[in-house]
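# Summary of structural features
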Amino acid sequence: MQIEMNLLDLMSIEYRRSRWALYGSLASAVLVYIVVLTDAITKHQWSEVLALVAFLLQIASLLLKSYSSGHYDSAEEIRRASVLSDGLGIQPAELQVSCIVARAGVGAPPKRLVSGQYFASKEPKGVPRFLDDIAESAFWTDYVAAWTSRGGFVLAGVGVLLTFIALVELASAGMGADRMKAFAEAAIITLGFVVTGELLVLSLQYQYLSRKAREKMEAAGTLLSGSSTDREGALLLFGEYNCALAGAPPLPTLIYQLLQKKLNTAWAARKGTLNVQ
């Protein structure tokens, strides 16, 4: 049976793979926190075993991040092709489509977060519609990235607290420990700091993405309000927005779903009036 999928289906498949790998990486980081807390609660009785578990979890986290990054790059290529097709009517090359399908394979796309038309713009294909698509994408990216960044900062704060507790326990109870046990205890605490640092970097990446997306959204609005349709300026803006996206991990679906109704209403309000009671 031949299965036909459009670009959005393939994009959804690649984003799904990337997000699940990122979720797995974050889950590994949370488990490292649990290991740190367990080591502190048990007064470092099982430090040797827990150090090995934490080390393996850190390796798993790094491998999953690499896997997530590969599929995210693939999904972003499809997204760029989709925006160019929707906004300017520029269709991807046949060879590019073949490479996309070869990478994405065949799979069931996840449930869409939207129904019907992917972009809300009512403009005909051309520069105004292209800019409207960029502005809409940047609007969603701004808010979702900002909320994701806040969640990451909370997790990093929890990590700092747990690692500090473990460090205090080591200082108070590790005086009589042998060298191997002391090494294992130090390794657990070190890995706790490493994971906390990774979560902090992740949060800062999302924060930066939110700020850059807001800038590109405002720039698209400025171009849309002008009398001329600057195709080169629109393509340059699109490239800058894509560069900002490339510098951050995929945005989590959960945050999209939590903000979906609110942001859909907010974006629709730009073309009309909204009664506030």
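Let me sum up the structure you'll find in this document. Everything quoted here is computed from the prediction, not taken from an experiment. (Residues numbered from 1 in each chain as written. Predicted model: local features only at pLDDT ≥ 70, side-chain atom pairs only at ≥ 80, totals over all residues. Heavy atoms only, no water.)

### Concerning the overall build of the protein chain
- Assigned secondary structure in the protein chain consists of seven helices and zero strands.
- Taken from the N to the C terminus, the helices and strands of the protein chain come in the order α-α-α-α-α-α-α.
- Considering the protein chain as a whole, with its 277 residues, one finds that 43% of them fall into the buried category.
- As displayed, the protein chain has an accessible area near 15,100 Å², and 65% of this comes from carbon and sulfur atoms. (Helix = DSSP H or I, 4+ residues; strand = E, 2+ residues; numbered from the N terminus. Buried < 20%, exposed > 50% of the residue type's maximum accessible area, 1.4 Å probe, protein only. Areas by Shrake-Rupley, 256 points an atom, 1.4 Å probe, with all protein chains shown as cover.)

### Section: the pattern of salt bridges
- In the structure shown here, the tally under the stated rule is seven salt bridges.
- The salt bridge partner of Glu14 is Arg17, with a shortest N-O separation of 2.9 Å. Of the two residues, Glu14 and Arg17 are both situated in helix H1 (residues 7-41); the distance of three residues between them amounts to about one turn of the helix.
- Taking the shortest distance from any N to any O, the salt bridge between Asp142 and Arg214 comes out at 3.1 Å. Of the two residues, Asp142 is situated in helix H4 (residues 127-173) and Arg214 in helix H5 (residues 179-225); the sequence distance between them amounts to 72 residues. (Salt bridge = Lys/Arg side-chain N within 4 Å of Asp/Glu carboxyl O.)

### Focus: the nonpolar core
- Of all hydrophobic cores here, the largest spans 41 residues; its most connected members are Phe130, Phe139, Trp140, Val144, Leu209, Leu251 and Leu263.
- Looking at this core, the elements that each hand over two or more residues are H1, helix H2 (47-88), H4, H5, helix H6 (231-246) and helix H7 (253-268).
- Per element, the largest residue contribution to this core is 10 residues, and it comes from H4.
- With residues near it in sequence (within four places) discarded, Leu209 still touches Thr141, Ala145, Ala244, Leu245, Ala248 and Leu251.
- Of all hydrophobic cores here, the second largest spans 12 residues; its members include Ala29, Val35, Ala156 and Leu162. (Core = buried A, V, L, I, M, F, W, Y, C linked by side-chain atoms within 4.5 Å. Contact = heavy atoms within 4.5 Å.)

### Some remarks on H7
- Look at H7: 21 Å from first C-alpha to last across 16 residues, which is about the 22 Å you get at 1.5 Å a residue.
- Roughly 55° is the biggest bend found in H7, and it falls at Gln260.
- Buried within H7 are the following residues: Ile255, Tyr256, Leu259, Leu263 and Trp267. (Expected span 1.5 Å × (residues − 1). Bend = angle between axes of the 7 residues up to and from the residue.)

### Observations regarding the packing of aromatic side chains
- Evaluation of the coordinates by the stated rule reveals four aromatic pairs.
- With 5.5 Å between their ring centres and 85° between their planes, Trp20 and Tyr23 make a pair best called edge-to-face. Of the two residues, Trp20 and Tyr23 both sit in helix H1, three residues apart, roughly one turn of that helix.
- By relative accessible area, Tyr23 is classed as partly exposed at 27%. (Phe/Tyr/Trp six-rings, centres within 6.5 Å; stacked < 30°, edge-to-face > 60°.)

### Notes on the side chain of Ser25
- Along the chain, Ser25 turns up in helix H1.
- When residues no more than four places from it in sequence are discounted, the contact partners of Ser25 are Ser61, Leu64 and Lys65.

### Re the environment of Val35
- Assignment of secondary structure puts Val35 in helix H1.
- A residue is classified by how much of its surface remains accessible, and Val35, at 8% relative accessible area, is buried.
- Between the C-alpha atoms of Val35 and Ala51, which are 16 residues apart in sequence, the distance is 8.2 Å.

### Observations regarding H2
- Between the first and last C-alpha of H2 there are 60 Å, a value that for 42 residues agrees with the 62 Å anticipated at 1.5 Å per step.
- Looking one or two residues past H2, Gly89 carries a phi angle of roughly 75°, positive in sign.

### Thoughts on the layout of surface pockets
- Of the voids in this model, the second largest pocket is the one considered here, and its volume is about 280 Å³.
- Around the second largest pocket, the lining is made up of 17 residues, and of these Leu26, Thr148, Gly152, Leu155 and Pro252 lie nearest the centre.
- Where the lining of the second largest pocket is concerned, the elements lending two or more residues are H1, H4, H5 and H7.
- Per-element tally for the lining of the second largest pocket: the top contributor is H4, with five residues.
- Residue classes in the lining of the second largest pocket are distributed as 13 nonpolar, four polar and no charged. (1 Å grid on protein atoms, 1.4 Å probe; cavity = no way out; pocket = protein on both sides within 12 Å on 5 of 7 lines; lining within 4 Å. Points joined across faces, edges and corners; volume = space filled by probe spheres on them. Nonpolar A, V, L, I, M, F, W, Y, C, P; charged D, E, K, R; others polar.)

Distances and angles like these do not, on their own, reveal function.
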